[in-house]
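# Overview (structure and organization)
Here's the letter readout for the chains.
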Amino acid sequence: MPLDGICMQAVAEELRPELLGLRIDKVQQPARDQVILLLRGNKRLLLNAGANAPRIQLTALTRDNPAEPPMFCMLLRKHLSGAKLLEIRQQGLDRVLHLRFETTNELGDRVVLTLSMEIMGRHSNLILVDEHGRVIDAVKRITSEMSRVRPVLPGMPYAPVPAQPRLSILADPPSRILEALRAGPDGELSKALQQVLEGMSPLVCREIAHQVTRGAQVAVSQLDEELATRLRFFLSQLCDRLGEGRTQPTMLLDPQGRPKDFSYLEIHQYGASMACRPYPSYSQLLDQFYSERDRIDRVHQRGADLLK
């Protein structure tokens with residue numbers, strides 16, 4: 001999915017100055033997998049654990065709420081109403097954000113609770129963890145029959161998402177990444193990059209390969225000295241750009257103007273067949289991308305119903 005670990009890091013960096021220190025006024029759950037935290041200053045933080053569009057963002061769109069609040073919504077209201085957001089921390093370059101809140105318990109003691117947003121496709125989840133590291137509840141309870149590796153149930157210790165043994169473009173030098181590519185199985189460069197690098201979407205890996213090979217399909221075993229030099233240069237350039245926070249929220253549009261993908265840098269691999277539209281913030285980009293995609297899906301569904 002386009003919201004990879006690097007994009008998640010950019011979203012977190014955008015959210016921190018907007019939200020840290022604010023208190024929760026209201027908690028809403030407009031859908032089974034969606035939670036909206038309304039913070040002071042009219043900030044609406046959307047946490048979506050749905051399989052089709054998992055994400056975390058500030059949203060300007062309003063959503064209808066059910067007449068009867070779901071149980072998870074009631075639980076969040078009980079524990080987080082009036083809580084102050086202390087920290088937004090990412091787990092490495094995984095698509096996992098831990099939101100730490102300061103609040104008081106039933107006894108009036110100050111406690112710090114963590115709301116963990118895990119974006120893992122159909123396994124995405126939203127988990128509330130107490131000050132002792134135990135799960136209070138989750139929007140999706142995972143039993144031992146569903147997952148022997150990582151069940152998620154109230155009262156169980158919270159187990160972090162297992163880290164994958166991959167290299168980081170922000171921490172490992174380009175020469176080390178090139179060594180790992182050559183030491184691994186041979187294959188097309190973009191797919192090999194995705195296997196070696198942490199937090200990189202297929203779109204970005206294809207863009208790196210496109211820039212390095214000038215659009216040619218090249219396997220890792222075909223990397224000569226010129227291509228290896230270009231790869232090291234482009235990885236170093238991208239690392240510097242990410243380290244300085246110089247990302248650009250960008251949506252990819254097809255010739256009909258329909259949203260097809262998004263990223264944190266300009267995409268050139270499609271040439272004139274796709275247009276790049278920059279956005280001032282990731283929250284605006286995500287609102288526009290998913291709302292337009294949902295509108296198109298609704299139109300297709302209505303058309304299918306009429307044809308049927």
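The structure contained in this document is the topic of the report that follows. It should be emphasised that the depicted structure is a prediction, and the values quoted were computed from it without experimental measurement. For every chain, the first residue of the written sequence is number 1, and numbering continues from 1 onward in sequence order. It should be noted that, the model being predicted, local features are given only for residues of pLDDT at least 70 and side-chain atom pairs only at 80 or more, the latter also being counted only at that level, while totals for whole chains, interfaces and linings use all residues. In computing side-chain properties, one takes all heavy atoms of the structure into account and sets aside hydrogens as well as water.

## Observations concerning the overall build of the protein chain
Here is the rule we go by: The numbering of helices and of strands both runs from the N terminus, where a helix is a DSSP run of H or I of at least 4 residues and a strand a run of E of at least 2. Only protein chains enter the accessibility calculation, which uses a 1.4 Å probe; a residue is then buried when its area is under 20% of its type maximum, exposed when over 50%, and partly exposed in between. All accessible areas in this document rest on Shrake-Rupley with a 1.4 Å probe, and a residue is counted as covered only by the protein chains that are shown. Counting rule for charge: Lys and Arg are taken as positive, Asp and Glu as negative, and neither His nor the chain ends is counted. Where a charge lies is defined by one atom per residue type: Lys uses NZ, Arg uses CZ, Asp uses CG and Glu uses CD.
Per the secondary structure count, the protein chain includes 7 helices and 12 strands. Considering only C-alpha atoms, the protein chain reaches an extent of 65 × 50 × 40 Å along its principal axes. Expressed as a percentage of the 308 residues in the protein chain, the buried residues total 49%. Carbon and sulfur atoms form 50% of the exposed surface of the protein chain, whose accessible area is close to 15,600 Å². A distance of 4 Å separates the average location of the 40 positive side-chain charges in the protein chain from that of its 37 negative side-chain charges.

## Focus: the nonpolar core
Definition in use: Only buried residues count toward a nonpolar core, which is a set of Ala, Val, Leu, Ile, Met, Phe, Trp, Tyr and Cys residues joined through side-chain atoms within 4.5 Å. Note on definitions: a residue-residue contact is assigned when non-hydrogen atoms from the two residues lie within 4.5 Å.
Ranked by size, the top nonpolar core spans 83 residues in total, and within it Leu-37, Leu-45, Ile-56 and Leu-115 carry the most contacts. With sequence-adjacent residues up to four places away left out, Leu-37 is seen in contact with Ile-24, Lys-26, Val-27, Lys-43, Arg-44, Leu-45, Leu-47, Phe-101 and Leu-115. Counting residues in each nonpolar core, the second largest holds 7 residues, with Ile-127, Val-129, Val-135 and Tyr-158 among its members.

## Observations concerning empty space enclosed by the protein
Basically, it comes down to this: Think of a 1 Å grid over just the protein atoms. A cavity is a set of points where a 1.4 Å probe fits yet cannot get out, a pocket is an open set with protein on both sides within 12 Å along at least five of seven lines, and lining residues have an atom within 4 Å of a point. Grid points are joined across faces, edges and corners, and a volume is the space filled by probe spheres set on the points. Asp, Glu, Lys and Arg are counted as charged, while Ala, Val, Leu, Ile, Met, Phe, Trp, Tyr, Cys and Pro are counted as nonpolar; the rest, among them Gly, fall into the polar class.
The full count for this structure, using the stated rule, is 2 cavities of 30 Å³ or more. Of the voids in this model, the largest cavity is the one considered here, and its volume is about 40 Å³. What lines the largest cavity is Ile-6, Gln-9, Ala-10, Glu-13, Leu-242, Gly-245 and Thr-247. Along its surface, the second largest cavity is lined by Val-135, Arg-150, Pro-151, Val-152, Pro-157, Tyr-158 and Ala-159. Here the residues of the lining of the second largest cavity are counted per class, giving 6 nonpolar, no polar and 1 charged.

## Observations concerning the sheet that holds strand S9 (residues 135–138)
Under the convention used in this document: Whether two strands pair depends on DSSP finding at least two bridges between them. Whenever a helix is involved, its axis is fitted only over the stretch in contact; in every case the axis is a line through C-alpha atoms, and angles between N-to-C directions fall within 0 to 180 degrees.
Overall, antiparallel pairing links the 5 strands, which are arranged S5-S6-S7-S8-S9 in an open sheet. Two strands in the sheet have a free side with no partner beyond their single neighbour: strand S5 (84–90) and S9. Each strand axis lies, on average, 20 degrees off the axis of its neighbour in the sheet, ignoring direction. Pairing analysis gives 9 bridges linking strand S6 (residues 96–104) to strand S7 (residues 110–118), with the strands arranged antiparallel. Residue Phe-101 lies in a different strand from S7, and its bridge partner there is Leu-113. Set on the sheet, helix H1 (residues 5–19) makes contact with S5, S6 and S7; between it and S5 the angle comes to about 160 degrees.

## A few points about unusual backbone geometry
A positive phi angle is found at Asn-42, which is not glycine, with a value near 60 degrees. Within the secondary structure, Asn-42 is located in the loop between strand S2 (34–39) and strand S3 (43–48). Assessed through its relative accessible area of 69%, Asn-42 is described here as exposed. Notably, Arg-214 is not glycine yet its phi reads approximately 60 degrees, a positive angle.

## A few points about the sheet that holds strand S12 (residues 275–278)
The 3 strands lie next to each other as S11-S10-S12, forming an open sheet whose pairing is antiparallel. Because the sheet does not close on itself, it has two edges, and the strands there are strand S11 (259–263) and S12. Strand-to-strand, the axes of this sheet are offset by a mean angle of 30 degrees, without reference to chain direction. With 4 bridges joining them, strand S10 (residues 250–253) and S11 adopt antiparallel strand pairing. Each bridged residue has a counterpart across the sheet, and for Met-251 the counterpart in S11 is Phe-262. The sheet contacts of helix H7 (residues 282–307) involve S10 and S11, and relative to S11 the element is tilted by about 160 degrees.

## So, the packing of helix H5 (residues 202–213) against helix H6 (residues 225–243)
Using the following cut-off: Should an angle fall under 35 degrees it is taken as roughly parallel, and over 145 as roughly antiparallel, whereas 65 to 115 is taken as roughly perpendicular and any remaining angle as oblique. For any pair of crossing helices, the crossing counts as left-handed if the nearer helix is rotated counterclockwise from the farther one by less than a right angle, and right-handed if it is rotated clockwise.
Their axes nearest at 9 Å, the elements H5 and H6 cross at an angle of 130 degrees. The angle between the axes of H5 and H6 places the two elements in the oblique class. Where H5 crosses over H6, the two elements pack in a sense that is right-handed. Judged by residue contacts, Ile-208, Gln-211, Val-212 and Thr-213 of H5 engage Leu-227, Arg-230, Leu-231, Phe-234, Leu-235 and Leu-238 from H6. Taken together, the residues that form the contact of H5 with H6 break down as 7 nonpolar, 2 polar and 1 charged.

## Some thoughts on helix H3 (residues 174–183)
Test applied: Directions from the helix axis toward the C-beta atoms define the arc.
Among the residues making up H3, those that are buried are Ile-177, Leu-178, Ala-180 and Leu-181. Axial view of H3: buried residues confined to an arc of 160 degrees, hence all on one face. In H3, the exposed residues that point more than 90 degrees away from the buried face are Glu-179 and Ala-183. Structurally, H3 contributes buried residues whose contacts are with helix H4 (189–196) and H6.

## Things to note about the layout of surface pockets
Its volume calculated, the largest pocket comes out at about 480 Å³. Considering the residues around the largest pocket, the lining is formed by 20 residues, among which Asp-94, Arg-95, Gln-164, Arg-166 and Gly-199 are closest to the centre. Of the residues belonging to the lining of the largest pocket, the class tally is 10 nonpolar, 5 polar and 5 charged.

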